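# Residue-level structural notes
Spelled out, the chains give:
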Amino acid sequence: MKMSLLENHGSFVLRNIGFAEFSGVSIDSRNIPEGYIFCALKGEHTDGHSYVAQALTNGAKAALVDKNYAMTAGGDEALIIVDETYQGLVDMATIYAHAISVPILAITGSAGKTSTRSLIAHVLRHHGMMVRETPKNFNNHIGLPISVLQIHERDEIAILEMGTSGIGEIRNLCEIAVPDYGIITSIAHAHIGGFGSIDNVQIAKYELLDAVKENGILFINNDDPRVAAYPKDERKRITYAINNEADVKFDVIDIDNMGKHTLGLDDTHMKLQSSGRGAAINAVVAYAFASTIGLDERETITAIESFEPARGRGKIENWKGIILIDDTYNANPFSVKNAIHALEKMDADGKKLMVFGDMLEMGPEAKSSHVEIGRECVKAGISHLYCLGNDSVHTVNTAKYEGIPFAKHFLEKKELASTLMDHVEPGDIVLFKGSRGIATEEIITLIKDM
């Protein structure tokens, strides 16, 4: 980002800054990439201003600080001074996003947004495009402006993931970076505690499509009734689906014994490396997007077929003859049911087992949603269920009552891992699923160390 953009904006005062531009912003004073500035955010328990000196010592080109800090700062510190640092970060990202000409694809959804973002980025890079995408899980009110400030003017597209825990958040994010393209992967009961109802989740997700530019393009999942219900307007919309009619419709040709789909469009087939229906619909929207921006369809299919999920995103591993499915990144009723359905379709020489951690932020639906997961486990033929957390006790009780041979609730991960190892054998399949706050992936580490 060129400093002249800030110098011409009255909200910023620059002190001791003798460089023309910087390449990004960090809020971690311990790890400052080359060319970055440090943003001294104030949190509930810490104040980033306490770490300005450390950040500058560790290579930050400057620090974004408030006026109170600047009044007592050392005379030689390189500072960008604002009234309040979070608003300064937002203003900085907004100025930059409006100054560059890099197209923006914005993605949100109750499930599948990160996998879709990663897949589309993979496809576009396969075509040789310079792609900037949201790093890690930087999709909230702090992460989004940081992601924007990492975009380089030479990038050909930026793919920005947008999360939300309440109405108005995505609208605010889209004011920072106005999308040229918009995708809502799904609308379901996720983090519903912050919304109050599924209708409010729908309102919040719609904010992304509302913000897409007049000459932009909307990508509509016709297999999700709430997404498909987004009102038509004069903007171009591309519909995609597996089950329903759409502009881009792939049929399911085959599902192998690991739950991996082969999809067909006319005479064209593509075989996926990720299991489950969620991976299949992600592949369809990736194909739809790449085709819409004019990329070669054959090369797009080659790219999709080569994509493998990251750890925690449904990655399948054969460990000592036992199939482990690591789908631990996060969980809500929609994504858990998708994972269970994928497990149901897999062929196992032995048993099907599930390790399930609480679905967090479910509010008043916490008990009923965990009860429903217990029923889904029964219907899917899961023989052993190991649950962790407070609310999943309802999953265990339901599963026991409705007929799962072994269902047990645990408070400690080590005890769960030990009990799992008492029952699991080569030929079995074990699904690991839970909300981020439960860190269910730690159980995978524990069993491998036993």
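A brief look at the structure comes next.

What counts, and at which threshold
- Residues numbered from 1 in each chain as written.
- Predicted model: local features only at pLDDT ≥ 70, side-chain atom pairs only at ≥ 80, totals over all residues.
- Heavy atoms only, no water.
- Salt bridge = Lys/Arg side-chain N within 4 Å of Asp/Glu carboxyl O.
- Buried < 20%, exposed > 50% of the residue type's maximum accessible area, 1.4 Å probe, protein only.
- Helix = DSSP H or I, 4+ residues; strand = E, 2+ residues; numbered from the N terminus.
- Expected span 1.5 Å × (residues − 1).
- Polar contact = N/O pair within 3.5 Å; in protein donor to acceptor, adjacent residues only side chain to side chain.
- Phe/Tyr/Trp six-rings, centres within 6.5 Å; stacked < 30°, edge-to-face > 60°.
- Lys NZ or Arg CZ within 6 Å of the ring centre and 35° of its normal.
- Pairing = 2+ DSSP bridges.
- Axes fitted to C-alpha atoms, helices over the stretch in contact; angles between N-to-C directions.

## Topic: the pattern of salt bridges
Counted by the stated rule, this structure contains 25 salt bridges. Between Asp28 and Arg30 there is a salt bridge, with its nearest N and O atoms 3.0 Å apart. Residue Arg30 is classed as exposed on the basis of its relative accessible area, which comes to 66%. Arg277 serves as the salt-bridge partner of Asp223, at 2.8 Å between the closest nitrogen and oxygen. Of this pair, Asp223 sits in the loop between β10 (217-221) and α9 (225-228) while Arg277 sits in helix α10 (residues 277-292), placing them 54 residues apart in sequence. For Arg277, a relative accessible area of 29% translates into the label partly exposed. When salt bridges that share partners are traced, they join Arg117, Arg125, Glu133 and Glu161 into one network.

## Let's talk about helix α4 (residues 85-99)
Under the 1.5 Å per step criterion, the end-to-end length of α4 is 21 Å for 15 residues, consistent within 8% with the ideal 21 Å. For α4, the complete set of buried residues consists of Thr85, Gly88, Leu89, Val90, Met92, Ala93, Ile95, Tyr96 and Ala97. Sitting at the amino-terminal end of α4 is Glu84, which places a side-chain oxygen 3.1 Å from the backbone nitrogen of Tyr86.

## Here we look at the packing of aromatic side chains
Inspection of every chain in the model, using the stated rule, returns 6 aromatic pairs. Pairing Tyr181 with Phe289 gives two aromatic rings, centres 5.1 Å apart and planes at 85°, and the pair type is edge-to-face. Placement of Tyr181 in strand β9 (residues 181-184) and of Phe289 in helix α10 is noted, with a sequence separation of 108 residues between them. This pair shows no difference in class: Tyr181 is buried, exactly as Phe289 is. On the basis of an interplanar angle of 25° and a centroid distance of 6.3 Å, the ring pair of Tyr386 and Phe410 is categorised as stacked. Highlighted residues: Tyr386 in strand β19 (residues 384-388) and Phe410 in strand β20 (residues 406-410), separated in sequence by 24 residues. Of the two residues examined, Tyr386 and Phe410, each falls in the buried class. Following the ring pairs from residue to residue traces out a cluster consisting of Tyr181, Phe219 and Phe289. Here the basic side chain of Arg313 rests over the ring of Tyr329, its NZ or CZ set 3.4 Å away from the ring centre.

## Observations regarding the sheet that holds strand β18 (residues 352-357)
The strand order across the open sheet built from 6 strands is β16-β17-β21-β18-β19-β20, with neighbouring strands paired in mixed fashion. Both outer strands of the open sheet, β16 (315-319) and β20, are each paired with one neighbouring strand and no more. Sheet twist, expressed as the mean angle between neighbouring strand axes with direction ignored, is 15°. Pairing between strand β17 (residues 322-327) and strand β21 (residues 429-433): 5 bridges, direction parallel. Opposite Ile325, over in β21, you have Leu431 as the bridge partner.

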